[in-house]
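Listed here are the chains, written in short residue letters.
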Amino acid sequence: MSGNPEIELVFHEALTSLDAPAFCRTVRESLATTPGHLWINLEDVKVADIAGPAALLQAVKLCHTRGVRVSILPSPMIYRALLTAGILEELPLEGPGAGPSMPIPVAPPETPSAEPPRFLARTARLGLRPPAWDELEIFETWAKDPRLDQMVGSQLLSMCRHRGPYHPDFVACAMHDSSALTLVVQPLVGDAKPIGFVRLFNVNLAERFAFLETGIVNPRSIRAGWGIEASRLSLAWAMDALEIHRVEAKVYAYNVLSVNSLRRNGFQQEGVLREAKTYRGKRWDILVFAILEDEMRAQRAQESFPYMGFWGPDDRP
């Protein structure tokens, strides 16, 4: 096959659900000659939706089935779409766009504080607060933890792993996301370092719902109940500060500790995404849990959390 020609397919502007049929047809036609190497040039693509990554993944699988070597030259837009779709590592990317695009320099505050941000909420054992600028590097350490990746599957950590802790996309998600809030979990013992994070994301203030993600770094900390306590505290804060009515969480069925943690925090299982995750060569379900406002209040009554909203007792809306 080494004598077979190389073929380059160049696509412009868009790779969306409207363009995917023509894209797949072009790839299929190019394979009729059994090229030695198929180049899919997407460097000029500026618009993509979820159909674009899906079409790319299917095209690559077809090439592998036909024994044809394939390479993708992505644009920054395609790179981000693949990252968001969770298939970045499954595709053969090459060229300048194959790695993180050149980040726009993001400077730390002109007068960075020697102290970390204040706690938004705290118990006798731990506090929750936004990460400080110089703490973003710890997310990169967590992002490279294979156990945490398999147990949590965090898109935030995936972005950090591929982009880096000071890429503007990650900085925006970790510190300035208009639909999410990321808080580090810090034990209140001496100079203890953060042991994980809780994240409220896809927050809809109009409908008063949010999604919860909790990542605790090591099994010892998980068994000590840090994740349960941090999640419960974040829910209480969300009720007061954001007036959240419903919080949803998803967990891999093999992550028994997280399943039990959600149940201990009053979450009810509402559904199952059947065989939606591969782990150790086996298909696993993803379990869907949720908790409503009255259920959060019942859990909160056991903890005696103070009011943590933005209003005083006489002017709460």
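Just above sits the structure.
On a predicted model such as this, the values are computed, not experimentally measured, just so you know.

(A) Local environment of helix α3 (residues 76-85). By the burial criterion, the buried members of α3 are Ile78, Tyr79, Ala81, Leu82 and Leu83. Summarising the contacts, the buried residues of α3 are in contact with β1 (6-15), β2 (37-48), α2 (51-65), β3 (69-74) and α6 (155-163). Positive backbone phi, approximately 80 degrees, marks Gly86, located one or two places after α3.

(B) The environment of Thr33, seen in detail. Its place among the elements puts Thr33 in the loop between α1 (20-30) and β2. Between the C-alpha atom of Thr33 and that of Ala20, which follows or precedes it by 13 residues, the distance is 21 Å. At 3.1 Å, the side chain of Thr33 and the backbone oxygen of Ser30 are in polar contact.

(C) Structural detail: the nonpolar core. Phe23, Leu38, Ile40, Leu42, Leu56, Leu91 and Phe139 are the most contacted members of the largest nonpolar core, which has 46 residues in total. Here this core gets seven residues from one element, more than from any other, and that element is α2. Ignoring any residue separated from it by four or fewer positions in sequence, one finds Leu91 in contact with Leu56, Leu57, Val60, Ile72 and Leu82. By size, the runner-up hydrophobic cluster in this structure holds 34 residues, among which are Leu126, Val198, Val247 and Phe289.

(D) Broad picture of the state of the cysteines. Applying the stated criterion across every chain, the model contains zero disulfides. There is no disulfide at Cys63, and the cysteine sulfur nearest it, in Cys24, is 11 Å away. In this structure Cys160 is not part of a disulfide, and its nearest cysteine sulfur, from Cys173, lies 11 Å away.

(E) Representation of the sheet that holds β1 within the structure. Strand order in the open sheet made by the three strands is β1-β2-β3, with parallel pairing throughout. Across the chains shown, the open sheet's two edge strands, defined by having one partner strand only, are β1 and β3. For this sheet the average axis-to-axis angle between neighbouring strands, irrespective of direction, equals 15 degrees. Relative to β2, β1 runs parallel, the two sharing nine bridges. Bridged to Glu8 within β2 is Trp39. In the packing of α3 onto the sheet, contacts are made with β1, β2 and β3, and the angle to β2 comes to roughly 90 degrees.

(F) The sheet that holds strand β11 (residues 282-292), seen in detail. A sheet is described by the order of its strands in space; here eight strands give the open sequence β4-β5-β6-β7-β8-β9-β11-β10, paired in mixed fashion. Of all the strands in the sheet, just β4 (121-122) and β10 (268-279) have a single pairing partner and so form its edges. With two bridges connecting them, β4 and strand β5 (residues 126-129) associate as antiparallel partners. Within β5, the residue paired with Arg122 across the bridge is Gly127.

Basis of the calculations
- Along each chain, numbering runs from 1 in the same order as the chain's sequence is written.
- The model is predicted, so local features are restricted to residues of pLDDT at least 70 and side-chain atom pairs to those at 80 or more, both for listing and for counting; the totals for chains, interfaces and linings are taken over all residues.
- Side-chain calculation: all heavy atoms of the structure are included, whereas hydrogens and water are not.
- Think of it in three bands: with a 1.4 Å probe and only protein chains considered, a residue is buried below 20% of the maximum accessible area for its type, exposed above 50%, and partly exposed in between.
- Runs of E in the DSSP output that reach at least two residues are strands. Runs of H or I that reach at least four are helices, and both are numbered from the N terminus.
- In what follows, a contact means two residues having at least one pair of non-hydrogen atoms within 4.5 Å.
- As used in this structure description, the phrase polar contact means that two N or O atoms lie within 3.5 Å; if the pair is within protein, one of them must be able to donate a hydrogen and the other to accept it, and residues adjacent in sequence are counted only when both atoms belong to side chains.
- By nonpolar core is meant a set of buried Ala, Val, Leu, Ile, Met, Phe, Trp, Tyr and Cys residues that side-chain atoms within 4.5 Å join together.
- Sulfur atoms of two cysteines make up a disulfide when they are within 2.5 Å.
- Note on pairing: two strands pair once DSSP finds at least 2 bridges between them.
- For helices, the axis comes from a line fit to the C-alpha atoms of the stretch in contact; other axes are also lines fit to C-alpha atoms, and the angle between any two N-to-C directions lies between 0 and 180 degrees.

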